[in-house]
Amino acid sequence: MHEAPPTPSGAPTTPAEPLEHGLKQRHLTMLGLGGVIGAGLFVGSGAGIAVAGPAIVVSYLIAGALAMLVMRMLGEMSAAMPASGSFSVHAERALGRWAGFSVGWLYWFLLVVVLAVEATAAAQIAHGWVPAVEPWAWVLLFMVVFTAANLTAVKNFGEFEFWFASLKVGAIVVFLGLGVLAVFGWLPDTDPVGMTNLTGQGGFLPNGWGGVVSGVLTVVFAFGGLEVVTIAAAETDDPARAVGRAVRSAVVRILFFYVGSMLVIVTVLPWTAQQAGLSPYVKVLDSIGVPSAGQIMNIVVFVALLSALNANLYGSSRMVFSLAERGEAPRGLLKVSGGSPGKAGGVPRRAVLASVTFGFVSVLLNLLWPDTVFLYMLNSVGAVLLFVWALIAASQLRLRARLEREAPGALALRMWCFPYLTWLTLAGLLGVLLLMLTDADARPQVLWSAGATALVLLVAVGRQWREGKGSALTGR
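Residues numbered from 1 in each chain as written. Predicted model: local features only at pLDDT ≥ 70, side-chain atom pairs only at ≥ 80, totals over all residues. Heavy atoms only, no water.

Asks: What am I meant to see in the overall build of the chain here?
Replies: A tally of regular secondary structure across the chain gives 19 helices and 0 strands. Relative to the globule expectation of 23 Å for 476 residues, the C-alpha radius of gyration of the chain, 22 Å, shows essentially globular dimensions. Its C-alpha atoms put the chain at 80 × 55 × 45 Å along the principal axes. Per-residue burial over the chain gives 55% buried out of 476 residues. Restricting the contact set of the chain to residue pairs at least 6 apart, pairs at least 24 apart contribute 80%. Summing over all exposed atoms, the chain offers an accessible surface of approximately 19000 Å²; the carbon and sulfur share of this is 68%. Across the chain, the centroid of the 29 positively charged side chains sits 10 Å from that of the 24 negatively charged ones. (Helix = DSSP H or I, 4+ residues; strand = E, 2+ residues; numbered from the N terminus. Rg over C-alpha atoms; globule rule 2.2 N^0.38 Å. Buried < 20%, exposed > 50% of the residue type's maximum accessible area, 1.4 Å probe, protein only. Contact = heavy atoms within 4.5 Å. Areas by Shrake-Rupley, 256 points an atom, 1.4 Å probe, with all protein chains shown as cover. Lys, Arg positive; Asp, Glu negative; His and termini not counted. Charge placed at Lys NZ, Arg CZ, Asp CG, Glu CD.)

Asks: Help me understand the packing of aromatic side chains, please; the structure alone is not making it clear to me.
Replies: Centre distance and the angle of the planes are the two values used to describe a pair of aromatic rings. One pass over the structure, following the stated rule, counts 21 aromatic pairs. Relative to tryptophan 108, the ring of tryptophan 105 lies with its centre 5.4 Å away and its plane at 80°, an arrangement referred to as edge-to-face. Here tryptophan 105 and its partner tryptophan 108 are both found in helix α6 (residues 97-129), 3 residues apart, which amounts to about one turn of the helix. Every member of this aromatic cluster is reached through a ring pair, and the members are Phe101, Trp105, Trp108, Phe109 and Phe358. The aromatic ring of phenylalanine 162 is capped on one face by arginine 26, whose charged end is 4.7 Å from the ring centroid. (Phe/Tyr/Trp six-rings, centres within 6.5 Å; stacked < 30°, edge-to-face > 60°. Lys NZ or Arg CZ within 6 Å of the ring centre and 35° of its normal.)

Asks: Just to check I follow, could you spell out helix α13 (residues 280-287) for this structure?
Replies: One full turn of an α-helix is made of 3.6 residues, so residues set three or four places apart face in the same direction. Taken as a whole, α13 has its buried residues at Pro280, Tyr281, Val282, Val284 and Leu285. Those residues of α13 that are buried lie in contact with α2 (39-42), α3 (45-52), α8 (154-183), α12 (239-268) and α14 (293-325). Where α13 terminates, the next one or two residues include glycine 289, which has phi positive at roughly 85°.

Asks: Looking at this structure, I do not really get helix α4 (residues 56-80). What am I missing?
Replies: With 25 residues, α4 should reach 36 Å at 1.5 Å per residue; the first-to-last C-alpha distance of 36 Å fits that figure. Most of α4 sits inside the fold, with 22 of its 25 residues counted as buried. (Expected span 1.5 Å × (residues − 1).)

Asks: Which parts of the structure should I look at to understand the side chain of glutamate 118?
Replies: Mapped onto the fold, glutamate 118 is located in helix α6. Within the structure, the side chain of glutamate 118 is placed 3.0 Å from the side chain of asparagine 312, a separation counted as a polar contact. If sequence neighbours within four positions are ignored, glutamate 118 has contacts with Leu305, Ala308, Leu309 and Asn312. (Polar contact = N/O pair within 3.5 Å; in protein donor to acceptor, adjacent residues only side chain to side chain.)

Asks: Any chance you could explain the environment of lysine 24 here in plain terms?
Replies: Note that lysine 24 resides in the segment before α1 (25-34). Through-space distance from the C-alpha of lysine 24 to that of leucine 430 is 36 Å; in sequence the pair is 406 residues apart.

Asks: Honestly, the packing of α4 against helix α18 (residues 420-438) in this entry has me stumped. Any pointers?
Replies: Packed helices, taken two at a time, are described by the angle between their axes plus the distance between the axes. In contact at an axis separation of 10 Å, α4 and α18 are set at 130° when each is read in the N-to-C sense. In terms of their interaxial angle, α4 and α18 are classed as oblique. For the element pair α4 and α18, the recorded crossing hand is left-handed. Across the interface between the two elements, Leu66, Leu69, Val70 and Met73 from α4 touch Leu421, Thr422, Thr425, Gly428, Leu429 and Val432 from α18. (Axes fitted to C-alpha atoms, helices over the stretch in contact; angles between N-to-C directions. Parallel < 35°, antiparallel > 145°, perpendicular 65-115°, else oblique. Left-handed = near helix turned anticlockwise from the far one by under 90°.)

Asks: I would appreciate a short explanation of the pattern of salt bridges in the present structure.
Replies: Pairs can form between side chains of opposite charge whenever their charged atoms are close. Per the counting criterion, the structure on display carries 9 salt bridges. A salt bridge links glutamate 235 to arginine 318, with the nearest nitrogen and oxygen atoms 2.8 Å apart. Here glutamate 235 is found in the loop between α11 (228-232) and α12, whereas its partner arginine 318 is found in helix α14, with 83 residues between them in sequence. Measuring nitrogen to oxygen at the nearest pair gives 3.8 Å for the salt bridge that ties glutamate 404 to arginine 414. (Salt bridge = Lys/Arg side-chain N within 4 Å of Asp/Glu carboxyl O.)

Next up, the structure:
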């Protein structure tokens, strides 16, 4: 039987989660910082620079602003009504069961498919270091290690992410410092660069505003992953306070790291020196004489991929656990580990195993049929993040009005300029989707993702109709 989550009435209360509250504020803060600092930034940003030139800085500002607004909305709802299902629970409260079911399963599918990409890419790097070990063996090792970490106390996941994120953040801080020194010519054997590379080679907008738009389409998905912060907040001692602090600190710092990095890259080197598929960070470090820059960045990217794999396994297990709580997934996934002397309980082990099993299937498809079966799966989740963000915004529109009416004291973290910025965000997300439809490379992702979304929606509506018909027949 479906158990509808409570809606705000007086002071909104959420049933106590049976999960362990083992995450600390430092875990959540670093998860927010490190969750979106991944291979998309360290390697994928080269493609954005190639199409936008120095104006990639503007592309990152636009994409980052969208992500920041979505996170502010999500933070507002999660601080008022924390739950392990986060935006899936909020969507159900605001829009109905069909919305909670759809966004929950779509996000779960997104995470377990992307998990395969991360595991395979990390294995390729490790295979380069130790050629005697085949990539499939590395994938197996990574999956076993992180499955084991997620099957034990949640604090183990938190510690993994804390140190992974610390390394990534530290690497960017060092990069920014070296970049600033290079710009002013304060490094040995370097001359001041000044603003030459920002205004030369066609100027700041070498490809016009069309290049900026293309840059947005290239980089917007790099901000995916922030949502896991609000999922993890439910496993802290004070979810409302923890998620508020994590959202406030993470979005501004991430914008600083992303935009700051891009500004350093296009200032130190001409944008024409960058090319898709190659890390612009390596090119900059090589140009200023940092020895073994390529290997250093390989290590950072390797850690970033493992960090994302770990976070995606965690996020997918908690999402499917929340769906099971509400009767939208098999009830057998609700079983959590029991506590014992010296050992913490409250880990949804069956949910972890279900997620990692599908992750293994995705990895096998990626290894066996990367250009056919897995490519179709990857395209089917290519634009899902934008659909999830749009549902978050739509949910916030409904829940904010209800909270202000029934429980204004619960709004510890408020969305700015409500409802205008929420509507602007929805318009921005729709604009990105429409622009993707006009781009030959991005169009398949939108169409396949729309098909996957339509299929999930059809299942959700069918379930709701069938249960409603059954209730009518029994007189309930």
